[in-house]
Amino acid sequence: MLKGILRRTVIGGLSAGLLLNVVAVSEGAAQNKPRYAMLVRVLGNTAFELAGVGAQEAADELGVELIYTGPTENTAEGQVALINSLIAQKVDAIMLSANDATALTPSLKRAMQRGISVVTWDQDAEVAARSLHIASATNELIALGPVKIASDLTDGGGDVGIVSGPANSTTQNEWVDEMIRLTTEDPAYDGLNVVEVVYGDERSDKAYNEALGLVNKYPDLEAIVAYTSVGIAAASQMVQDQGLIGKVKVTGLGFPNEMVDHVLSGATPAFAIWNMQDVGYTTVYATHGLVNGDITGAPGEDISAGRMGDVQIGDNNVAVMGELFVYDETNVEAAADLINSVGK
């Protein structure tokens, strides 16, 4: 998951058990449908709610019942309590974004021992505690999305600055390192000259000032790539405030509902992020294949994933969705409207 990007209000006031009761199968509901539980890391997160929209779409197509649940706080204890409750309800499958791989292992193994298929998505558990993982993207693909956009925006070359989050963020550092590797080793992108990496610490004011420092320090700067939604919005606002639209282009990772104004202003002509709807949709199809015995989750198998086509399972029983989804003026408003609707 993008550290610092998915910031939403958490729904409070309900215990984990009560939350499960809200979404549990009501008396009189169809008893013959398979029941798949989508367990998110925390309720109230728009990204997870979008995954739920895609999951429900797939569930409707496959004729299965979807249980969408999660704790009110992002804790292993909350997820463990819900996993144990789902085991007691004898669901057919648990599909979860794990908030603590190690702490969840005993309860997930217990679920598998009782014949419940366990599939992770977005954030993995230990390999021994699940049959399959649906990855939104690899570090390489996450880095590649903004690099491709930056290359297009600069006509294949120019000075580029990078705005990251905290300097000690392992995940974001991996994305930055991969971007630097691409721009130094891949002939398709070696026209991009990374002049400096700065760190906004997931604070809008600091990211704004760091981006401003880049344009002041490097007068030939053509683009800023931000590997955080806080950074991309702050850099975009800086470009607009400084009258640099058209001169310095901003791109990176962000969410449509946070980027509409920046895209329409021209400060950020395009940006990228994985499509959480597609992740949820694919996860349900993969789970259905496991439950029905069509796949085992082994490397080399293909998941038949409805409108997403076939998705191949790779090493460590991980299936990667593919390249990031690109948003620009043609699609950002519709995407923002959808996000805002599921967030209400």
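Everything here concerns the structure above.
Remember, it's a predicted structure, so these values are computed and weren't measured experimentally.

Engineer: Describe in detail the packing of aromatic side chains, supporting the description with residues and values.
Structural biologist: In the structure shown here, the tally under the stated rule is five aromatic pairs. A centroid spacing of 5.0 Å and a plane angle of 40° characterise the contact between Y281 and Y285, whose relative ring orientation is tilted. A residue pair is termed a helical-turn pair when its members lie 3 or 4 positions apart in one helix, as Y281 and Y285 do in helix α10 (residues 276-292) at four residues. A single burial state applies to Y281 and to Y285, both of which are buried. Feature note: the residues F271, F325 and Y327 constitute an aromatic cluster, connected by ring pairs. The cationic tip of R307 hangs over the ring face of Y281; the distance from NZ or CZ to the ring centre is 4.1 Å.

Engineer: Break down the packing of helix α5 (residues 139-153) against helix α6 (residues 170-185) for me, citing the residues and quoting the values.
Structural biologist: For the pair α5 and α6, the least separation of the axes is 8 Å and the interaxial angle reads 60°. Between α5 and α6, the angle is such that the two are oblique. Here the hand of the crossing between α5 and α6 comes out right-handed. Residue-level contacts link N139, E140, I142, A143, L144 and V147 of α5 to E174, W175, E178, M179 and L182 of α6.

Engineer: Pulling in residues and values, what's your account of the pattern of salt bridges?
Structural biologist: Here the structure, examined in full by the defined rule, presents eleven salt bridges. The shortest N-O distance in the salt bridge between E178 and R181 comes to 2.7 Å. Pair noted here: E178 and R181 are both in helix α6, with a separation of three residues, about one helical turn. Two residues, R203 and D205, come together in a salt bridge whose shortest N-O distance is 3.2 Å. Overall, R203 belongs to the partly exposed group, its relative accessible area being 42%. Residues joined in a network through salt bridges with shared partners are E57, D278 and R307.

The rules behind the values
Residues numbered from 1 in each chain as written. Predicted model: local features only at pLDDT ≥ 70, side-chain atom pairs only at ≥ 80, totals over all residues. Heavy atoms only, no water. Phe/Tyr/Trp six-rings, centres within 6.5 Å; stacked < 30°, edge-to-face > 60°. Helix = DSSP H or I, 4+ residues; strand = E, 2+ residues; numbered from the N terminus. Buried < 20%, exposed > 50% of the residue type's maximum accessible area, 1.4 Å probe, protein only. Lys NZ or Arg CZ within 6 Å of the ring centre and 35° of its normal. Axes fitted to C-alpha atoms, helices over the stretch in contact; angles between N-to-C directions. Parallel < 35°, antiparallel > 145°, perpendicular 65-115°, else oblique. Left-handed = near helix turned anticlockwise from the far one by under 90°. Contact = heavy atoms within 4.5 Å. Salt bridge = Lys/Arg side-chain N within 4 Å of Asp/Glu carboxyl O.

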